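# A look at the structure
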Amino acid sequence: ELAKVVYTKQVESGEGTKIELEERLCSTILTLGEVSIENENYSQAVEDIQLCIKKVKSLPKDSRIIAEAHYQLGVAQGFHSKFDEAVESLNSAISIIKERTKNIKSSKKSPSKDEKIEITELEALIPEIEEKIADTKDMKKEAEAKTKEGANGITSSSTEGGSKNVSSISVKRKVEDDDSKNKKFVSDKEKTAAAS
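In this report, we go over the structure that sits alongside the text. (Residues numbered from 1 in each chain as written. Predicted model: local features only at pLDDT ≥ 70, side-chain atom pairs only at ≥ 80, totals over all residues. Heavy atoms only, no water.)

## Examining the packing of helix α3 (residues 42–55) against helix α4 (residues 64–79)
Definition in use: Axes here refer to lines fitted to C-alpha atoms; in helices the fit is confined to the stretch in contact. Angles between the N-to-C directions go from 0 to 180 degrees. In DSSP terms, a helix is any run of H or I states spanning at least four residues, a strand is any run of E spanning at least two, and both are numbered starting from the N terminus. What sets the label is the angle itself: under 35 degrees gives roughly parallel, over 145 gives roughly antiparallel, 65 to 115 gives roughly perpendicular, and the rest give oblique. Throughout, a crossing is termed right-handed when the near helix is turned clockwise from the far one, and left-handed when it is turned anticlockwise from it by less than a right angle. Two residues form a contact once any of their heavy atoms are found within 4.5 Å. Each residue is assigned to one of three groups, with Ala, Val, Leu, Ile, Met, Phe, Trp, Tyr, Cys and Pro labelled nonpolar, Asp, Glu, Lys and Arg labelled charged, and all others, Gly among them, labelled polar.
Two elements in contact, α3 and α4, have axes separated by 9 Å at closest approach and are oriented at 160°. With respect to α4, the axis of α3 lies roughly antiparallel. In this structure, α3 meets α4 at a crossing whose hand is left-handed. For the pair α3 and α4, contact is made by Tyr42, Ala45, Val46, Ile49, Gln50, Cys52 and Ile53 and by Ala69, His70, Gln72, Leu73, Ala76, Gln77 and Phe79, respectively. Among the residues making up the contact of α3 with α4, the classes are represented as ten nonpolar, four polar and no charged.

What follows is the structure in structure tokens.
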């Protein structure tokens, strides 16, 4: 939180290079969002990560941190049961990664060793994100099925037995037989004898 405040003030005052400061600010806010996800505070995570995406106006559109922010936003939205928005955010992450890969490949005739490594890393991320999209769609189907089951369970149980007035429902009481009373009495005597 403190780093977020410091970087926000630096960005607003214009200290240092704006791009670098915005990247640090976004990274800090993104980390706060990840912490909120781990703490299962999904609404806060969504709010933080959306703020991060809004703050990085001057970064290149194909920046990896923007792609990561969209991915984390999709994860948070999925856990927050906003499945359609989650799929949209995850697809945004994929399109940013594809654009970055295309830009690196087209910028020079032969990419450097570091750029080749980055291209390999980025291309490996796409199937993982696509798998996360499939998981999110499955989570949506499961949630819809549970909602239908819950609605069916409520309506079927209330109509099966008919409605009864609460005062007409009998209360079952446990009947104690003489043996249980005698056992309790004997155990009480043993406790007092042992205490003496």
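Okay, back to it.
## So, the nonpolar core
Let me state the cut-off plainly: Here, nonpolar core means buried Ala, Val, Leu, Ile, Met, Phe, Trp, Tyr and Cys residues that are tied together by side-chain atoms lying within 4.5 Å of each other. Throughout this description, buried means an accessible area under 20% of the type-specific maximum (1.4 Å probe, protein chains only), exposed means over 50%, and partly exposed covers the range between.
Ile37 and Ile49 are the most contacted members of the largest nonpolar core, which has 31 residues in total. With residues near it in sequence (within four places) discarded, Ile37 still touches Tyr42, Ala45, Ile49, Gln72, Val75, Ala76 and Phe79.

## A closer look at the packing of α4 against helix α5 (residues 83–107)
Relative to each other, α4 and α5 sit at 160°, their axes nearing to 7 Å. As the angle between them shows, α4 and α5 are arranged roughly antiparallel. Where α4 crosses over α5, the handedness of that crossing is left-handed. Of the residues in α5, those in contact with Arg64, Ile66, Ala67, His70, Tyr71, Leu73, Gly74, Gln77 and Gly78 of α4 are Phe83, Glu85, Ala86, Ser89, Leu90, Ser92, Ala93, Ile96, Ile97 and Arg100. Per-class residue counts for the contact of α4 with α5 are ten nonpolar, six polar and three charged.

## Focus on a negative patch on the surface
What counts here: Each patch is assembled from residues with relative accessible area greater than 30% and no salt bridge, linking like charges that lie within 9 Å and nonpolar side chains (Val, Leu, Ile, Met, Phe, Trp, Tyr) that lie within 5 Å. Using a 1.4 Å probe, accessible areas were evaluated by the Shrake-Rupley method; residue-level cover was limited to the displayed protein chains. Salt bridge, as used here, is a side-chain nitrogen of Lys or Arg placed within 4 Å of a carboxyl oxygen of Asp or Glu. Under this rule, positive means Lys or Arg and negative means Asp or Glu; His and the chain ends count for nothing. A charge is said to be at NZ when it belongs to Lys, at CZ for Arg, at CG for Asp and at CD for Glu.
A contiguous patch of negative charge, built from Glu128, Glu131, Asp135, Asp138 and Glu142, is present on the exposed surface. Relative to the helices and strands, Glu128 is located in helix α6 (residues 113–160). Under the relative-accessibility criterion, Glu128 is labelled exposed at 52%.

## Overview of the pattern of salt bridges
What the rule picks out here adds up to six salt bridges. Put simply, Arg100 and Asp62 hold a salt bridge, and the shortest N to O gap is 3.9 Å. With Arg100 in helix α5 and Asp62 in the loop between α3 and α4, this pair connects stretches of sequence that are 38 residues apart. A salt bridge links Arg64 to Glu118; the nearest nitrogen and oxygen atoms lie 3.8 Å apart. Taken as a pair, Arg64 in helix α4 and Glu118 in helix α6 lie far apart in primary sequence, 54 residues in all. Judged by relative accessible area, which is 13%, Glu118 ranks as buried.

## Here's the deal with the state of the cysteines
Condition: Throughout, disulfides are identified as pairs of cysteine sulfur atoms within 2.5 Å of each other.
Taken as a whole and judged by the stated rule, the model has one disulfide. Covalently, Cys26 is tied to Cys52 through a disulfide, its sulfur atoms 2.1 Å apart. An S-S torsion of about 40° defines the bridge between Cys26 and Cys52 as right-handed. Taken together, the residues span a long stretch of sequence, with Cys26 in helix α2 (residues 18–38) and Cys52 in helix α3 at a distance of 26 residues. For the pair shown, Cys26 and Cys52 are each scored as buried.

## Digging into unusual backbone geometry
Backbone geometry follows two general trends: most residues other than glycine have a negative phi, and most peptide bonds adopt the trans configuration. A positive phi angle, close to 60°, is found at Glu40, a residue other than glycine. Positionally, Glu40 belongs in the loop between α2 and α3. The phi angle at Ser81 is positive, at roughly 65°, despite the residue not being glycine. By the element assignment, Ser81 lies in the loop between α4 and α5.

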